[in-house]
Amino acid sequence: MTPGERLANIQSRIRRAEIESGRVEGSVALTAVSKTVTADRLQAMLVAGQRRFGENRVQEAREKWPALRTTYPDLILHLIGPLQSNKVADAVELFDVIEVVDRDKIAGALAREMKMQDRYPRLYVQVNIGEEEQKTGVQPCDALNFVRRCRDIHGLDITGLMCIPPHGADPSPYFAALREISQGVGVEELSVGMSEDFERAISFGSTKVRVGSALFGVRSSG
Ligand SMILES: *Cc1c(COP(=O)(O)O)cnc(C)c1O
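Residues numbered from 1 in each chain as written. Predicted model: local features only at pLDDT ≥ 70, side-chain atom pairs only at ≥ 80, totals over all residues. Heavy atoms only, no water.

Remarks on the side chain of Q50
Part 1 of the argument: Inspection of the secondary structure assignment puts Q50 in the loop between α2 (39-47) and β2 (52-55).
Part 2 of the argument: Note on Q50: relative accessible area 4%, which makes it buried.
Part 3 of the argument: At 3.0 Å, the side chain of Q50 forms a polar contact with the backbone oxygen of L30.
Part 4 of the argument: At a separation of 2.7 Å, a polar atom in the side chain of Q50 contacts the main-chain carbonyl oxygen of R52.
Part 5 of the argument: In contact with Q50, other than residues within four places in its own chain, are L7, Q11, L30, A32 and M45. (Helix = DSSP H or I, 4+ residues; strand = E, 2+ residues; numbered from the N terminus. Buried < 20%, exposed > 50% of the residue type's maximum accessible area, 1.4 Å probe, protein only. Polar contact = N/O pair within 3.5 Å; in protein donor to acceptor, adjacent residues only side chain to side chain. Contact = heavy atoms within 4.5 Å.)

Considering the site of the ligand
Part 1 of the argument: Around the ligand, the neighbouring residues are V33, K35, I80, M162, I164, M194, S195, R210, V211, G212, S213 and R219.
Part 2 of the argument: Between the ligand and K35 there is a distance of 2.6 Å, counted from an oxygen atom to a side-chain nitrogen or oxygen.
Part 3 of the argument: Contact distances for the ligand include 2.8 Å between a nitrogen atom and a side-chain N or O atom of R210.
Part 4 of the argument: Calculation on the ligand without its partners gives an accessible area of 390 Å², and the protein chains cover 88% of this total.
Part 5 of the argument: Looking at the shell around the ligand, its residues break down into 6 nonpolar, 3 polar and 3 charged. (Near = heavy atom within 4 Å. Areas by Shrake-Rupley, 256 points an atom, 1.4 Å probe, with all protein chains shown as cover. Nonpolar A, V, L, I, M, F, W, Y, C, P; charged D, E, K, R; others polar.)

Observations concerning the nonpolar core
Part 1 of the argument: By size, the foremost hydrophobic cluster in this structure holds 66 residues, and its most contacted members are F53, L83, I98, L110 and L161.
Part 2 of the argument: A total of 6 residues in this core trace back to one element, the largest contributor, which is helix α5 (residues 104-117). (Core = buried A, V, L, I, M, F, W, Y, C linked by side-chain atoms within 4.5 Å.)

Structural notes on the environment of I10
Part 1 of the argument: Examined against the element boundaries, I10 turns out to sit in helix α1 (residues 3-20).
Part 2 of the argument: Looking at I10, the relative accessible area reads 1%, which means it is buried.
Part 3 of the argument: In the structure, I10 is positioned 206 residues away from F216 in sequence and 11 Å away in space, judged by C-alpha atoms.
Part 4 of the argument: With residues up to four places along the chain from it excluded, the contact list for I10 reads L30, F198, V211, A214 and L215.

Notes on the packing of helix α6 (residues 143-152) against helix α7 (residues 172-185)
Part 1 of the argument: Two elements in contact, α6 and α7, have axes whose closest approach is 10 Å; the angle formed by their N-to-C orientations is 40 degrees. Here α6 lies oblique to α7, going by the angle between them. Crossing angle aside, the handedness with which α6 passes α7 is right-handed. When α6 is examined against α7, the residues A143, L144, V147 and R151 are found in contact with a partner set consisting of I181, G184 and V185.
Part 2 of the argument: Split into classes, the residues belonging to the contact of α6 with α7 amount to 5 nonpolar, 1 polar and 1 charged. (Axes fitted to C-alpha atoms, helices over the stretch in contact; angles between N-to-C directions. Parallel < 35°, antiparallel > 145°, perpendicular 65-115°, else oblique. Left-handed = near helix turned anticlockwise from the far one by under 90°.)

Overview of α1
Part 1 of the argument: The terminal C-alpha atoms of α1, which comprises 18 residues, lie 26 Å apart, in line with the 26 Å expected from a rise of 1.5 Å per residue.
Part 2 of the argument: Every buried residue of α1 is accounted for by L7, I10, I14, A17 and E18. Buried residues of α1 fall within an arc of 105 degrees about the axis and therefore sit on the same side. Away from the buried face of α1 by more than 90 degrees, exposed residues I19 and E20 are located.
Part 3 of the argument: In this structure, the buried residues of α1 make contact with β1 (29-33), α2, α8 (198-203), β8 (208-211) and α9 (213-216).
Part 4 of the argument: Downstream of α1 by one or two residues, G22 has phi in the positive range, about 70 degrees. (Expected span 1.5 Å × (residues − 1). Arc of directions from axis to C-beta.)

Remarks on the pairing of strand β5 (residues 122-127)
Part 1 of the argument: Within β5, 5 of the 6 residues are buried, which leaves the element mostly enclosed by the surrounding structure.
Part 2 of the argument: As paired strands, strand β4 (residues 97-101) and β5 are joined by 3 bridges and run parallel to one another. Counterpart to V101 in the pairing with β5 is V125.
Part 3 of the argument: Traced from β4 through α5 to β5, the parallel crossover comes out right-handed.
Part 4 of the argument: Direction of pairing for β5 relative to strand β6 (residues 158-163): parallel, over a ladder of 5 bridges. (Pairing = 2+ DSSP bridges. Right-handed = clockwise from strand over helix to strand, strands pointing away.)

Brief notes about the pattern of salt bridges
Part 1 of the argument: Summed over the entire model, instances satisfying the criterion amount to 14 salt bridges.
Part 2 of the argument: In this structure, R13 and E199 form a salt bridge, with 2.9 Å as the shortest nitrogen-oxygen distance. Note that R13 is positioned in helix α1 and E199 in helix α8, a separation of 186 residues in sequence.
Part 3 of the argument: Residue classification places E199 among the partly exposed positions, given a relative accessible area of 28%.
Part 4 of the argument: Between E18 and R15 there is a salt bridge whose closest N-O contact spans 2.9 Å. (Salt bridge = Lys/Arg side-chain N within 4 Å of Asp/Glu carboxyl O.)

Okay, structure coming up:
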């Protein structure tokens, strides 16, 4: 399949899942996860019409995207990988959506940096929905309080939640748990669902599916 055919295939699966789940048509957007994908292959996906992309490393995004943004000013770039405080300034400069807010130190740094740059990416809080030791994200039981602190102490507008369910497990209970938290904290956006399970995620209220390998092929690393 050509990149355009792959994209059309994923888009039509998203539309079908919306219909089957009784979701509003067009309410789910595709974030094309382009980590490790080289600029020429990105170009093909851009030519095919895709504009929303996700990267998991700030440094990699810095190398790949600024040049492409001059040609495609309507790009929407999501940061979906862990954010260290020394990369916050770069993240605010490069990304339109930062999905990985998960601690006060980062929230405070984002607030300061956004004001300084007068640039306001949308912010999601990452929830460690499976309470896995090796994963980043706030614990589910802390999510409500953390979102409140982001709003009340740091003055941040939190518009969504993101999670990565435990690898190899049935994701449904985790999708359901994240949706429940999102209703409690009052956010619109849910970034859940990857290549293997995005249709299921849509049935649990996902508004942003993060699809990598089903679009770009299997990665050798990353
Ligand atoms: C790599 C990655 C994805 C995409 O995974 P695929 O299984 O290739 O679709 C989604 N979300 C995050 C956070 C990732 O790091």
